[in-house]
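If you want the building blocks of each chain, they are given just below.
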Amino acid sequence: MPDLVGHDPVRRSFARLFAVLRTRAKITQERAAKDLELGRATILRIEAAEDGVKLPARLVHAMADLFGADDKERQLLLALAAETRNGRQQAWWQGYTSSEVPDWFSLYLSLEGFAERIRVHFGDLLPGLLQVREYASAVISVPSGYWSTDEVERRVESRLHRQQLLEDPPPAFEAIGSEGALHRMVGGIEVMKQQLERILKLTERDNVVVRIIPSRAGVHAGMAASDFTLLDFPETPISDGIANGMAANGNGNGSALLNDSAAEPPLAYVETFTGAMYTQTASDVEAYNAVWKDLEKRALPVDDSRKLIRKRLEEMMRL
């Protein structure tokens, strides 16, 4: 599993916000450690987003007081800190076994739930976030006999549960893929009718876009890249002025995590049958963005894509 992302994204966001607020307040790491009754090594670990650093609410309130955080900043610190503690609220997928939601996919679910924009390129199969139960079951059931009937059902349930991500407040979801996915009979005609009807319904939402690359488009960059997902994360709710002011008024011992933007870097994700590749390396993400631009250039516009999906649905209605 190459280039696996290290550290929980929530911890990285807490680290960035902590360092932004500390530096804005012109408080050194040494003073922060003394006033918060922590070792300087602990402050370094917090700003490096290391796992294992405990962030109880009492300590977070003390941080907010020390750094002069406003109510919104305090609540954000508390919320991020709470997300680093397993006892507050178990993530929904933690109720599934490792065969139903493998560890490598649990990491993706954490990242996906944190994203504000999700872009998916698909080939022969429609994306999991758009699949109806019967379509998902047909996909997960192959190869035949690999999963038990019980495991298939649990994996289907986890996929359907995951689709709640597209509900309020939803991320922007964009999918671009091959016309061939509309013709591949996954689960049979009745299942495909349900599936295409669902896509048409979902694309009535402002946050869901599905565009189709027609067969006549010929070769496109997605054929070389295979299926992949790009996740874009929100800017920290702290104003740009804070981060910029921090950069201008640096005190000489700021965190290496900080830059002109305190946002989580974009991420590219490629899934295989037995694992996944995650990368936030700038050159890799840039390469996938270049592929995405080629897909956008070759795909039908949104309205024309919906017309093509509807046309395919009408063809199946006549069968």
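Preceding this section is the structure that the text describes.
Residues numbered from 1 in each chain as written. Predicted model: local features only at pLDDT ≥ 70, side-chain atom pairs only at ≥ 80, totals over all residues. Heavy atoms only, no water.

From N to C terminus, the protein includes 14 helices and six strands. Counting across all 319 residues of the protein, residues that qualify as buried make up 48%. Here the analysis covers contacts within the protein between residues at least 6 apart in sequence; of these, 80% occur between residues at least 24 apart. When the accessible surface of the protein is totalled, it reaches about 15700 Å², and 50% of it is carbon and sulfur. (Helix = DSSP H or I, 4+ residues; strand = E, 2+ residues; numbered from the N terminus. Buried < 20%, exposed > 50% of the residue type's maximum accessible area, 1.4 Å probe, protein only. Contact = heavy atoms within 4.5 Å. Areas by Shrake-Rupley, 256 points an atom, 1.4 Å probe, with all protein chains shown as cover.)

What follows concerns helix α10 (residues 189-202). Over its 14 residues, α10 extends 20 Å from the first C-alpha to the last, a length consistent with the 20 Å expected when each residue adds 1.5 Å. Along α10, the residues that are buried comprise Val191, Met192, Lys193, Gln195, Leu196, Ile199, Leu200 and Leu202. Against the buried residues of α10 lie α7 (133-140), α9 (180-183), β3 (208-213) and α14 (302-317). (Expected span 1.5 Å × (residues − 1).)

This part covers the pairing of strand β2 (residues 172-178). By the criterion of burial, β2 is predominantly enclosed, with five of the seven residues buried. With six bridges connecting them, β2 and β3 associate as parallel partners. Across the sheet, Glu174 pairs through a bridge with Val209, a residue of β3. (Pairing = 2+ DSSP bridges.)

Here Glu179 lies in the loop between β2 and α9. Put simply, Glu179 is tucked away with no salt bridge, and the nearest opposite charge, on Arg216, sits 5.8 Å away. Apart from the residues within four sequence positions on either side, Glu179 is in contact with Ile212, Ile213, Pro214, Ser215 and Leu308. (Lys, Arg positive; Asp, Glu negative; His and termini not counted. Salt bridge = Lys/Arg side-chain N within 4 Å of Asp/Glu carboxyl O.)

What follows covers the packing of α10 against α14. Their axes nearest at 10 Å, the elements α10 and α14 cross at an angle of 155°. Comparing their axes, α14 and α10 come out roughly antiparallel. Where α10 crosses over α14, the two elements pack in a sense that is left-handed. Here Ile189, Met192, Lys193, Leu196, Glu197, Ile199 and Leu200 of α10 come into contact with α14, specifically with Arg306, Ile309, Arg310, Arg312, Leu313, Met316 and Met317. Each residue belonging to the contact of α10 with α14 can be placed in one class, and the counts come to nine nonpolar, no polar and five charged. (Axes fitted to C-alpha atoms, helices over the stretch in contact; angles between N-to-C directions. Parallel < 35°, antiparallel > 145°, perpendicular 65-115°, else oblique. Left-handed = near helix turned anticlockwise from the far one by under 90°. Nonpolar A, V, L, I, M, F, W, Y, C, P; charged D, E, K, R; others polar.)

Another point: the pairing of strand β1 (residues 117-122). Taking burial as the measure, the six residues of β1 include five buried ones, the bulk of the element. As paired elements, β1 and strand β4 (residues 228-232) share five bridges and run antiparallel to each other. Considered in β4, the bridge of Arg119 is made with Leu230.

All right, on to the environment of Thr274 then. Mapped onto the elements, Thr274 comes out in the loop between β5 (267-271) and β6 (276-279). Since its relative accessible area comes to 63%, Thr274 is described here as exposed.

In terms of nonpolar packing, the biggest core is built from 41 residues, with Ile118, Tyr135, Phe173, Leu196, Val210, Leu231 and Ile309 touching the most fellow members. Top element by residues in this core is α10. It accounts for six residues. If near-sequence neighbours (up to four positions away) are discounted, Val210 is found in contact with Leu130, Ala175, Ile199, Thr203, Ser305 and Ile309. Ala32, Val53, Leu59 and Ala81 belong to the second largest nonpolar core, which has 25 residues in total. (Core = buried A, V, L, I, M, F, W, Y, C linked by side-chain atoms within 4.5 Å.)

Next up on the list: the sheet that holds β2. Strand order in the open sheet formed by six strands is β3-β2-β1-β4-β5-β6, with mixed pairing between adjacent strands. In this open sheet, the two strands that pair with only one neighbour each are β3 and β6. The average angle at which neighbouring strand axes cross in this sheet is 15°, direction not considered. Relative to β6, β5 runs antiparallel, the two sharing four bridges. Residue Tyr269 lies in a different strand from β6, and its bridge partner there is Tyr278.

A full pass over the atoms with the stated rule returns six aromatic pairs. Between Phe228 and Tyr288, the ring centres sit 4.9 Å apart and the planes meet at 55°, which makes this aromatic pair tilted. Taken together, the residues Phe228 in strand β4 and Tyr288 in helix α13 (residues 282-298) connect sequence positions 60 residues apart. By relative accessible area, which is 2% here, Phe228 ends up buried. Cluster of aromatic residues (ring-pair linked, three or more members): Phe14, Phe18 and Phe67. Over the face of the ring belonging to Trp147 we find Arg155, whose NZ or CZ atom lies 4.0 Å from the ring centre. (Phe/Tyr/Trp six-rings, centres within 6.5 Å; stacked < 30°, edge-to-face > 60°. Lys NZ or Arg CZ within 6 Å of the ring centre and 35° of its normal.)

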